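# Structural overview
Single-letter residue listing:
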Amino acid sequence: MSALLVPSSSSPVRRARNQGLALGTITPETYRAFLASPEGRALGPGFLQCPSWADVKEGWRAHLIGWGPDPQAGALTGAALVLLRQFPGTRKCFAYLPEGPVADWSDPDVDAWLDPLLDHLRRAGAFAVRIGPSPAYRRWDAARLKPHAGPGRRLGDVLASEVDPLGSAVADRLRLRGWRRCGGDGTGQGGDAQPRHVFQVPLSGRTPDDLWAGLNQEWRRNVRRARKEGVEVVVGSAADLPEFSRLLTLTERRDGFRLGRSLAYYERQYTALNAEVPGRMKLYLARHRGEILAAHTMITVGRRTWYQTGASADHRREVRPSNALQWRMLVDAHATGADVYDMRGVPSTLDPEERAYGLLRWKLGTGGQVVETLGEWERPVGGSANHALHRAFQAYLNRR
């Protein structure tokens, strides 16, 4: 585990007011045990809140926090991986909880753990905190969105299939407590570090035949084409990461985006996640005539599986290697007992003339749902000095 993790002895466990709840730093072993417990799994932790993620992110110090009846003994009801980045020229730091904390957001007394968490981070030197609450806000079924694509159209123009009452309630609670939704209440572009809109395929209660029936006609045709052409899908190893990185560079150039992640980043990620739980991160490869034409990464935590990053070659795209990969990953996620297959970020545009719409259209073909998360929320902690430092930090980030 990273030497950056703060040991539990460095910070006393503090008891929240009038609640039998204590909060303090915990060891990586205690944190991992909580995430693997029935109570932790029920909270649906994401991979960005695993202790191993601290070893992936360079330039940040990591802090593991737990709360509950007795955190140091492992009796927890919530936990958080906090990444701390120092503001240049000061001793203060910005605290970031990517897609966290791992908490029961349905708890009517959120303040019982949120206030102590903020106090703890303020004492640790944080001038501001950014969180990513887990409840969903709105959902759109693929069948609802397809007919509404058109010039200038966006997700917000289409009536949602479902509005999550918990998500709405949590958003209201945070606003009342002085939190600001990063990127505002529109598309979230330019504010959230993690995607606000993600695409998910529900797996719970479905059979592989149900998943196949959920694919649209084009997807089924493409998967059959890949089989007919002899595309072979296998699980690779760390030795295949350089080829994945090379294909990702081609994909970025072809599709006009830039992730900015090096081969070393993916090697570090693969090593850290699999050291924590063997098989947590897998690299799937699609081979044709002995050549790797596509490579996708997959991460599993508890009963959730994510397709994280995909890459493909510029040639022989007609044999549909990416469709073959995704179908195999869907089936494998289902076989491991995952409740949901998360294909990560999608754009908010429904305009076919916009380049980004192609990614959404491709994912819609799996028959899943676009899910608007609550996005990321931020607030300064403490007095006027921290408010001023927070404004300066935002200006600093905008200049980078």
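Quick summary incoming for the structure in this document.

Conventions and cut-offs
Residues numbered from 1 in each chain as written. Predicted model: local features only at pLDDT ≥ 70, side-chain atom pairs only at ≥ 80, totals over all residues. Heavy atoms only, no water. Helix = DSSP H or I, 4+ residues; strand = E, 2+ residues; numbered from the N terminus. Polar contact = N/O pair within 3.5 Å; in protein donor to acceptor, adjacent residues only side chain to side chain. Contact = heavy atoms within 4.5 Å. Buried < 20%, exposed > 50% of the residue type's maximum accessible area, 1.4 Å probe, protein only. Pairing = 2+ DSSP bridges. Right-handed = clockwise from strand over helix to strand, strands pointing away. Axes fitted to C-alpha atoms, helices over the stretch in contact; angles between N-to-C directions. Parallel < 35°, antiparallel > 145°, perpendicular 65-115°, else oblique. Nonpolar A, V, L, I, M, F, W, Y, C, P; charged D, E, K, R; others polar. Salt bridge = Lys/Arg side-chain N within 4 Å of Asp/Glu carboxyl O. Left-handed = near helix turned anticlockwise from the far one by under 90°. Core = buried A, V, L, I, M, F, W, Y, C linked by side-chain atoms within 4.5 Å. Expected span 1.5 Å × (residues − 1). Arc of directions from axis to C-beta.

By secondary structure assignment, the location of Lys363 is in helix α12 (residues 357–364). Polar contacts involving the side chain of Lys363 include one to the main-chain carbonyl oxygen of Met343, which spans 2.6 Å. The contact partners of Lys363, leaving out residues within four places of it in the chain, are Phe199, Tyr307, Met343, Arg344, Gly345 and Val346.

Within the secondary structure, Leu360 is located in helix α12. C-alpha of Leu360 to C-alpha of Leu350: the two residues are 10 residues apart in sequence and 8.2 Å apart in space. Setting aside its immediate chain neighbours within four residues, Leu360 contacts Val346, Pro347, Thr349, Leu350 and Val370.

Turning next to the pairing of strand β15 (residues 340–345). Buried residues dominate β15, accounting for 5 of its 6 residues. Both strand β10 (residues 197–202) and β15 contribute to a ladder of 4 bridges, which runs antiparallel. From the neighbouring strand, Val201 faces β15, where its bridge partner is Tyr341. You can see the chain leave strand β14 (residues 304–312), run along helix α11 (residues 321–335) and come back into β15, and the turn it takes is right-handed.

Their axes nearest at 8 Å, the elements helix α8 (residues 217–228) and α11 cross at an angle of 100°. Here α8 is positioned roughly perpendicular relative to α11, judged by the angle of their axes. Seen from α8, the contacting residues are Trp219, Asn222, Val223, Ala226 and Arg227; seen from α11, they are Asn323, Ala324, Gln326 and Trp327. Classifying every residue of the contact of α8 with α11 gives 5 nonpolar, 3 polar and 1 charged.

Turning next to the pattern of salt bridges. Within this structure, the stated rule accounts for 24 salt bridges. Here Arg258 makes a salt bridge to Glu252, at a shortest N to O gap of 3.2 Å. Where salt bridges share partners, they join Arg130, Arg180, Glu376 and Glu378 into one cluster.

Positionally, Leu159 belongs in the loop between α5 (142–145) and β8 (162–163). Taking C-alpha positions, Leu159 is 9.4 Å from Arg139, a pair spaced 20 residues apart along the chain. With residues up to four places along the chain from it excluded, the contact list for Leu159 reads Trp140 and Arg144.

Turning our attention to the packing of helix α9 (residues 241–255) against helix α10 (residues 263–276). At a closest axis distance of 9 Å, the pairing of α9 and α10 adopts a crossing angle of 135°. Overall, the two elements α9 and α10 adopt an arrangement that is oblique. Where α9 crosses over α10, the two elements pack in a sense that is right-handed. Side by side, α9 and α10 meet where Leu241, Pro242, Phe244, Ser245 and Leu248 of the first sit next to Leu263, Tyr266, Glu267 and Tyr270 of the second.

Here we come to the nonpolar core. Core analysis: the largest hydrophobic core is formed by 86 residues, its most contacted members being Tyr341 and Val370. Residue contributions to this core peak at 7 residues, all from strand β13 (residues 291–301). Not counting the four nearest positions on each side in its chain, Tyr341 is found in contact with Phe199, Gln200, Val201, Leu203, Met298, Thr305, Tyr307, Gln326, Met329, Leu330 and Ala333.

As a further point, take the environment of Ser237. Within the element layout of this structure, Ser237 appears in the loop between β11 (232–235) and α9. The contact partners of Ser237, leaving out residues within four places of it in the chain, are Tyr270 and Leu283.

Following Gly100, the chain continues to Pro101 via a peptide bond in cis, the omega torsion being 10°. At Arg289, a residue that is not glycine, the phi angle is positive and equals roughly 55°. With respect to the helices and strands, Arg289 occurs in the loop between β12 (281–288) and β13.

The terminal C-alpha atoms of α8, which comprises 12 residues, lie 16 Å apart, in line with the 16 Å expected from a rise of 1.5 Å per residue. Among all positions of α8, only Trp219, Asn222, Val223 and Ala226 are buried. Buried residues along α8 cover an arc of 100° about the axis, so they all sit on one side. Those residues of α8 that are exposed and angled more than 90 degrees off the buried face are Gln217, Arg227 and Lys228. Those residues of α8 hidden inside the fold are in contact with α7 (208–214), α11 and α12. Gly230 sits one or two positions beyond α8 and adopts a positive phi of about 85°.

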